[in-house]
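Understanding the architecture of this molecule
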Amino acid sequence: MRNLVPSWIRVPIVFFIIFGAVEFFIDSGDKPAFVEYPVVMLFLLLVLLILIAIEAIVGALENVMLHKLDEEAKARFLAEKESSVKFTWLKETYNKLLGQKPIEEEGEIILDHNYDGIKELDNDLPPWWLYGFYISIVFAAVYLLRYHVFNGPSQIDELETELVEARTAIEAYKKTAKGLVDVNTVTQLTEAADLSAGKKTFETNCVACHMADGGGGIGPNLTDKHWILGGDIKSIFKTVSEGGRSGKGMIAWKTQLKPLEIAQVASYVLTFQGTTPANPKDPEGDLMVDDSSETTSDESIEETAIETVVDSTQVTLAN
Ligand code: HEC
C-alpha cells in the first residue's frame, strides 16, 4: 500500500478523510465546524503536521535502510519501488500535451542559423495550445451565428428575464412567509386562526388601556369610526408598531411583538368596528369614512357635522 501511492498524494487524502469525518460528526449548524469552533482548526492543523512528520520519518528510515543494503539489494529495492509507482499515465499525458521532442532528438529540428551562438529549434506547436485554438475558432463561429445572425438573447435580455423570475420568486416567497409583513405590505387578515391569535395578543397586552371589548380607557375607543392616528390596516399597524403620539401612553410594540403578531392584532382591532362596547369612551380623532360605504344620505352628513363639533370641543378641552 505504501509504495502504491506517493506521499504527496497520501498526505492530502488522509487529511481530507479526517477533515470530512470531523465535519460529519461535529454538529455546527450551517457553518463548517472549523469556522464555528476555532479549536477544530487547531486540531486539523495538528493532524496535518503529524501526517507530514510521519511521512518525513518514514522517508528518513528508508534512506538509512538503503545505506545499509549492498548494491544488489539496493537496486532490487529501487526497481521494485519504481515499478509500483502508478500515475505514470499522468506524466505521459502531460508530456504528450506539451509535444516537445526529448533533448536527445533535438538535433533533428534545429534550424541552420546561428545568432551569436543562439540557435533556434523548430518545435511543433504544443498540442494543448493548438487544440485550444481550434476549439476557440469553433466557439467563435457558433457564437457569431447564435448571437449575431439568429439574434439570440443579449446580456441585457438575459438580465431582464432573470430579474422577472427573481421578482416572481420573491412574490411567491412573500405569500408563504406571512411573517415578512411590514407597514407597506400589510393587509387585513381575515382567517380565523390569525384573528384568534390577534385576540390573544390583544388580551395579553392591550386590554389594560383599551378594554377587552375595545371600548377604551386610558387608550381611545377602538370600536368607533373615529381615529386619532388613522383607521386603515396600514395606519393601525404603524400605530401599534411605532406607538402613538409621545407622552400619551401608547408605546411602540415592535420591540415586544413580531411583525406577524402586529398584523394579527391590528386585524383583530378592526373587528371591533361597529360593535357596541359596555362602556364606550367618547370618540376621539377624526371620523374615517370607509370608501366602500355610502355616506351620501343627509342623515350621515348631519351626524358627521355633529361629530366634528364634538371633536373640536374635545381638542379644546385637551389643550
Ligand atoms: C398603556 C396603555 C396602552 C396600552 C397597553 C395599549 N395602548 Fe393603544 N393606545 C393608548 C393610548 C393612550 C393611545 C392614544 C395614542 C395617541 O393619542 O397618540 C392608543 C392608541 C391606539 C391606537 C390608535 C387609535 C386611534 O384612534 O388612532 C390603536 C390602534 C391602539 N392603541 C392599539 C393598541 C394595541 C393593539 C395594543 C396592544 C398591543 C395597545 N394599543 C396597547 C394606550 C395603550
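You'll find the structure just up there.
Note that this is a predicted model, so its numbers are computed, not measured.

1. Thoughts on the overall build of the chain
Along its length, the chain carries twelve helices and four strands. A total of 319 residues make up the chain; the buried ones form 12% of that total. Of the contacts made within the chain by residues no fewer than 6 positions apart, 64% connect residues no fewer than 24 positions apart.

2. Digging into the site of the ligand
In the neighbourhood of the ligand, 25 residues make up the surrounding shell, with Cys206, Cys209, Gly219, Gly244 and Met250 lying closest. Elements with a contribution of two residues or more to the shell around the ligand: helix H8 (192-205), helix H9 (207-210), helix H10 (233-242) and helix H11 (259-270). When the residues that make up the shell around the ligand are grouped by side-chain class, the tally is 16 nonpolar, seven polar and two charged.

3. Observations regarding the environment of Ile262
Structurally, Ile262 can be placed in helix H11. Taking the number of C-beta atoms within 10 Å as the measure of exposure, Ile262 has 25 and is therefore buried. When the C-alpha positions of Ile262 and Thr239 are compared, they lie 9.8 Å apart, and in sequence the two are 23 residues distant. Excluding residues within four positions of it along the chain, Ile262 makes contact with Phe237, Val240, Ser241, Trp253, Lys254 and Leu257.

4. A look at the nonpolar core
If you look at the biggest cluster of nonpolar residues, it comprises 15 residues, and the most contacted ones within it are Phe237, Val240, Ile262, Ala263, Val265, Ala266 and Val269. Within the residue set of this core, elements represented by two or more residues are H10 and H11. Ranked by residue count, the leading element in this core is H11, at six residues. Beyond its immediate chain neighbours, meaning those up to four positions away, Val240 contacts Trp253, Ile262, Val265 and Ala266.

5. A look at helix H3 (residues 38-68)
Along its 31 residues, H3 runs 46 Å from first to last C-alpha, staying within 8% of the 45 Å computed at 1.5 Å per residue. Counting buried residues in H3 gives zero out of 31 residues, a small share hidden from the surface.

6. A closer look at the packing of H8 against H11
Between H8 and H11, whose axes approach to 7 Å, the crossing angle comes to 90°. In this view, H8 runs roughly perpendicular relative to H11, as classed from their interaxial angle. Together, Asp194, Leu195, Ala197, Gly198, Lys199, Thr201 and Phe202 of H8 and Glu261, Gln264, Val265, Ser267 and Tyr268 of H11 make up the contact between the two elements. Of the residues in the contact of H8 with H11, the class split is five nonpolar, four polar and three charged.

7. A short note on unusual backbone geometry
Phi is positive for Asn151, which is not a glycine, with a value near 45°. Look at Met211: it is not a glycine, yet its phi comes out positive at around 70°. Summarising the element assignment, Met211 is placed in the loop between H9 and strand S3 (226-227).

8. Looking at the environment of Ile251
Along the chain, the position of Ile251 falls in the loop between H10 and H11. Looking at Ile251, the number of C-beta atoms within 10 Å reads 13, which means it is partly exposed. Along the chain, Ile251 and Ser241 lie ten residues apart, while their C-alpha atoms are 8.2 Å from each other.

9. Thoughts on the pairing of strand S2 (residues 118-121)
Where strand S1 (residues 110-115) meets S2, three bridges bridge the pair, whose relative direction is antiparallel. Across the sheet, Asn114 pairs through a bridge with Lys119, a residue of S2. With antiparallel pairing between neighbouring strands as the criterion, S1 and S2 make up a hairpin whose turn holds two residues, including Asp116 at a positive phi of roughly 45°.

10. Notes on the packing of helix H1 (residues 7-25) against H3
The contact between H1 and H3 brings their axes to 10 Å, and the two run at 155°. It follows that H1 is roughly antiparallel to H3 by the angle criterion. Both H1 and H3 take part in a crossing whose hand is right-handed. Two secondary-structure elements touch here, H1 through Ser7, Val11, Val14, Phe15, Ile18, Phe19 and Val22 and H3 through Val40, Leu44, Val47, Leu48, Leu51, Ile52 and Glu55. Here the contact of H1 with H3 is built from residues that sort into twelve nonpolar, one polar and one charged.

Basis of the calculations
- Residues numbered from 1 in each chain as written.
- Predicted model: local features only at pLDDT ≥ 70, side-chain atom pairs only at ≥ 80, totals over all residues.
- Helix = DSSP H or I, 4+ residues; strand = E, 2+ residues; numbered from the N terminus.
- Buried ≥ 20, exposed ≤ 12 C-beta atoms within 10 Å, placed from the backbone.
- Contact = placed C-beta atoms within 7 Å.
- Near = placed C-beta within 6 Å.
- Nonpolar A, V, L, I, M, F, W, Y, C, P; charged D, E, K, R; others polar.
- Core = buried A, V, L, I, M, F, W, Y, C linked by C-beta atoms within 7 Å.
- Expected span 1.5 Å × (residues − 1).
- Axes fitted to C-alpha atoms, helices over the stretch in contact; angles between N-to-C directions.
- Parallel < 35°, antiparallel > 145°, perpendicular 65-115°, else oblique.
- Pairing = 2+ DSSP bridges.
- Left-handed = near helix turned anticlockwise from the far one by under 90°.

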